[in-house]
Amino acid sequence: MRIVRDYEFVEHQDRGATVAIGNFDGVHLGHQSVIELARKAAPGAPLGVMTFEPHPREFFAPDAPPFRLMRPDTRAHRLEKLGVERLYELNFNTALSSLTPEEFARDVIAKGLGLRHVVVGADFCFGKGRAGDAEDLKRFGEQYGFGVTIAPLMEYSAHAVSSTAIRNALSEGRPGDAKEMLGHWHRIEGVVIGGEQRGRELGFPTANMSIDGLHQPRFGVYAVLVDVLDGPLAGSYHGAASIGVRPMFGGVVPNIETFLFDFSGDLYGATLSVGLVEFLRPELKFDGLEALIAQMEADCAEARTILAAL
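Thresholds, definitions, all that
- Residue numbers here run from 1 along each chain, matching the order of that chain's written sequence.
- Under the rules for a predicted model, residues below a pLDDT of 70 receive no local features and side-chain atom pairs below 80 are neither given nor counted, while totals for whole chains, interfaces and linings still include all residues.
- Side-chain metrics in this entry use all non-hydrogen atoms of the structure; hydrogen atoms and water are not considered.
- Buried Ala, Val, Leu, Ile, Met, Phe, Trp, Tyr and Cys residues that are joined via side-chain atoms within 4.5 Å together make up what is termed a nonpolar core.
- Each residue is placed in one exposure class: buried if its accessible area under a 1.4 Å probe, protein chains only, is under 20% of its type's maximum, exposed if it is over 50%, and partly exposed if it falls in between.
- Secondary structure follows DSSP: runs of H or I at least 4 residues long count as helices, runs of E at least 2 residues long count as strands, and numbering of each begins at the N terminus.
- The contact criterion used throughout is that any non-hydrogen atoms of two residues lie within 4.5 Å.
- A pair of strands counts as paired when DSSP detects no fewer than two bridges linking them.
- In this analysis an axis means a line fitted to C-alpha atoms, helices contributing only their contacting stretch, and an angle means the value between N-to-C directions, from 0 to 180 degrees.
- For this classification, under 35 degrees means roughly parallel, over 145 means roughly antiparallel, 65 to 115 means roughly perpendicular, and everything else is oblique.
- Definitions for this section: a left-handed crossing has its near helix turned counterclockwise from the far helix by less than a right angle. A right-handed crossing has that turn clockwise.
- Here the expected length of a helix is defined as 1.5 Å per residue gap, with one fewer gap than residues.
- Planes of paired rings set the category: under 30 degrees apart is stacked, over 60 is edge-to-face and the rest tilted, where pairs are Phe, Tyr or Trp rings (Trp by its six-membered ring) whose centres lie within 6.5 Å.
- Two N or O atoms form a polar contact when they lie within 3.5 Å of each other; inside protein one atom must be a possible hydrogen donor and the other a possible acceptor, and for residues adjacent in sequence the pair counts only when both atoms belong to side chains.
- The arc in question is traced by the directions running from the helix axis to the C-beta atoms.
- Put simply, a salt bridge is a Lys or Arg side-chain nitrogen that is within 4 Å of an Asp or Glu carboxyl oxygen.

J.: How would you summarise the nonpolar core if you had to cite specific residues and measurements?
T.: Ranked by size, the top nonpolar core spans 29 residues in total, and within it Met50 and Leu137 carry the most contacts. Of all elements in the fold, only strand E2 (18–21), strand E3 (47–53), strand E4 (86–91), helix H5 (101–112), strand E5 (117–121) and helix H6 (134–144) reach the threshold of two or more residues within this core. Considering every element that reaches this core, the biggest residue donor is H5, with five residues. Met50 has contacts with Val19, Ala20, Ile21, Gly22, Phe24, Tyr88, Leu90, Phe104, Val108, Ile109, Leu113 and Leu115, leaving out every residue within four places of it along the chain. By size, the runner-up hydrophobic cluster in this structure holds 21 residues, among which are Ala207, Val226, Ile256 and Phe279.

Right, here's the structure in full:
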């Protein structure tokens, strides 16, 4: 997959694509349906996705709480797995955000990237102040020479499949519902960093990862599926993970600590992908280490049962 970040400097091989446009946070089933429509819209053309970095919501409200379901590199990996050949990850800055809907259609889609066909969701808005909608884009496409397909919104349990609905499910400790909208387990990816070694001392050595910049699922313990993505210990494992601030030890910075079942080895510096399968219990503060260890043993036993049944 080739990544293009500047629409004003585009190589010939990156022009003429059929492209799905959106933020694609989570790459959920609605996103996947838009990509599939793009795949079918112009057979033979490179399949692409146009998205924006930083996310426009981050650009306009940089101090708002973290909301992203995935980091840019995780999104790129997911899109590549779906067969996307061109990722137009455009730099969302003051200049781009100031373009009128017509300027965006003419200067970015038609002249800049030379796209053959674009696909957007029915709720798509674009241009300064989100002034343009999907029907406007269709009109501009006729004017500037690119095709436009408007994809219907997808529903789950009578509600639209959306990144917001997925965030709500995760905030409420419902990773199963998030999976139904994503089409895959919600995964937290990151590099294993050094911790305080408390898990090792308790007999449960954990791989610690930052969740900085990401939407925070409900704090607590989860049954998880773990992929070690690189290094000599690469592979897939079952485990249990704790997300939160570690109230037992006075922590204040949220992270995720994952214990891999039947595993031995050093994971520092390795990249992990941790899939949340089922919420087991909320974060708790125990009377002592003995009570904590007993609860951790019970958590792991419950997680093993859940994961064995998948």
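J.: Please provide a residue-by-residue account of the pairing of E5, values included.
T.: Within E5, five of the five residues are buried, leaving the element largely enclosed by the surrounding structure. Looking at chain direction, E2 and E5 are connected through three bridges and run parallel. Bridge pairing in E5 links Ala20 to Val119. Two strands pair when backbone bridges link them, and E5 and strand E8 (residues 147–151) are joined in this way by five bridges, in the parallel orientation. From the neighbouring strand, His117 faces E8, where its bridge partner is Gly147.

J.: Please give an account of the sheet that holds E5 that cites residues and values.
T.: Within the open sheet, the six strands sit side by side as E1-E4-E3-E2-E5-E8. Their pairing is parallel. With one partner strand each, in any of the chains shown, strand E1 (2–4) and E8 form the two edges of the open sheet. The mean angle between the axes of side-by-side strands here comes to 25°, regardless of whether they run parallel or antiparallel. Set on the sheet, H5 makes contact with E2, E3, E4 and E5; between it and E3 the angle comes to about 120°. Of the strands in this sheet, E5 and E8 are in contact with H6, which crosses E8 at around 160°.

J.: So what about unusual backbone geometry? Which residues, and what values?
T.: In this chain, Glu53 is followed by Pro54 through a cis amide linkage whose omega measures 0°. The backbone of Arg130 shows a phi angle near 50°, a positive value even though the residue is not glycine. Looking at the secondary structure, you find Arg130 in the loop between strand E6 (125–126) and strand E7 (132–133).

J.: Any chance you could break down the packing of helix H7 (residues 163–171) against helix H8 (residues 175–182) for me, citing the residues and the numbers?
T.: For the pair H7 and H8, the least separation of the axes is 7 Å and the interaxial angle reads 160°. The orientation of H7 relative to H8 falls into the category roughly antiparallel. In the crossing of H7 with H8, the sense of the turn from one axis to the other is left-handed. Judged by residue contacts, Ala165, Ile166, Ala169 and Leu170 of H7 engage Pro175, Asp177, Ala178, Met181 and Leu182 from H8.

J.: I'd like to hear about H5, residue by residue, with values.
T.: Look at H5: only 15 Å from first C-alpha to last across 12 residues, short of the 16 Å you get at 1.5 Å a residue. Every buried residue of H5 is accounted for by Pro101, Phe104, Ala105, Val108, Ile109, Ala110 and Gly112. Positive backbone phi, at 60°, marks Gly114, one or two positions downstream of H5.

J.: Outline the packing of aromatic side chains, supporting the account with residue identities and numerical values.
T.: To describe a pair of aromatic rings, one takes the distance between the centres and the angle between the planes. Within the structure shown, the criterion is met by 11 aromatic pairs. Their ring planes at 50° and their centres at 6.4 Å tell us that Phe52 and Phe104 sit as a pair that is tilted. Here Phe52 is found in strand E3, whereas its partner Phe104 is found in helix H5, with 52 residues between them in sequence. What makes Phe104 buried here is its relative accessible area of 6%. Between Phe60 and Phe92 the ring centres are 5.8 Å apart and the planes differ by 75°, which places this aromatic pair in the edge-to-face class.

J.: Can you tell me about the environment of Arg187, naming the residues and giving the values?
T.: Relative to the helices and strands, Arg187 is located in strand E11 (residues 186–191). Among the polar contacts listed, one links the side chain of Arg187 to the backbone oxygen of Ser273, at a separation of 2.9 Å.

J.: Please provide a residue-by-residue account of the sheet that holds strand E16 (residues 271–282), values included.
T.: One open sheet holds the six strands; their spatial order is E11-E16-E13-E14-E15-E12, and the pairing between them is antiparallel. Edge positions in the sheet fall to E11 and strand E12 (207–210), since each of these pairs with one other strand and no more. Across this sheet, the average inter-strand angle for adjacent strands is 35°, counted without regard to direction.

J.: Describe in detail helix H1 (residues 29–41), supporting the description with residues and values.
T.: Along its 13 residues, H1 runs 18 Å from first to last C-alpha, staying within 8% of the 18 Å computed at 1.5 Å per residue. By the burial criterion, the buried members of H1 are Gly30, His31, Val34, Ile35 and Ala38. Seen along its axis, H1 keeps its buried residues to an arc of 140°; they face one direction. Where the residues of H1 are buried, they touch E2, E3, helix H3 (72–81), E5, E8 and H7.

J.: Which residues make up the pattern of salt bridges, and what are the values?
T.: Applying the stated criterion to the full structure yields 17 salt bridges. As a salt-bridge pair, Arg187 and Asp227 come within 3.5 Å of each other at their nearest N and O atoms. With Arg187 in strand E11 and Asp227 in strand E13 (residues 220–228), the pair connects residues that are 40 residues apart, well separated along the chain. Judged by its relative accessible area of 21%, Asp227 is partly exposed. Salt bridges sharing partners connect three or more residues here, namely Arg5, Glu53, Glu58, Arg68, Arg75 and Glu89.

Keep in mind that these numbers describe shape and distance, not what the molecule does.
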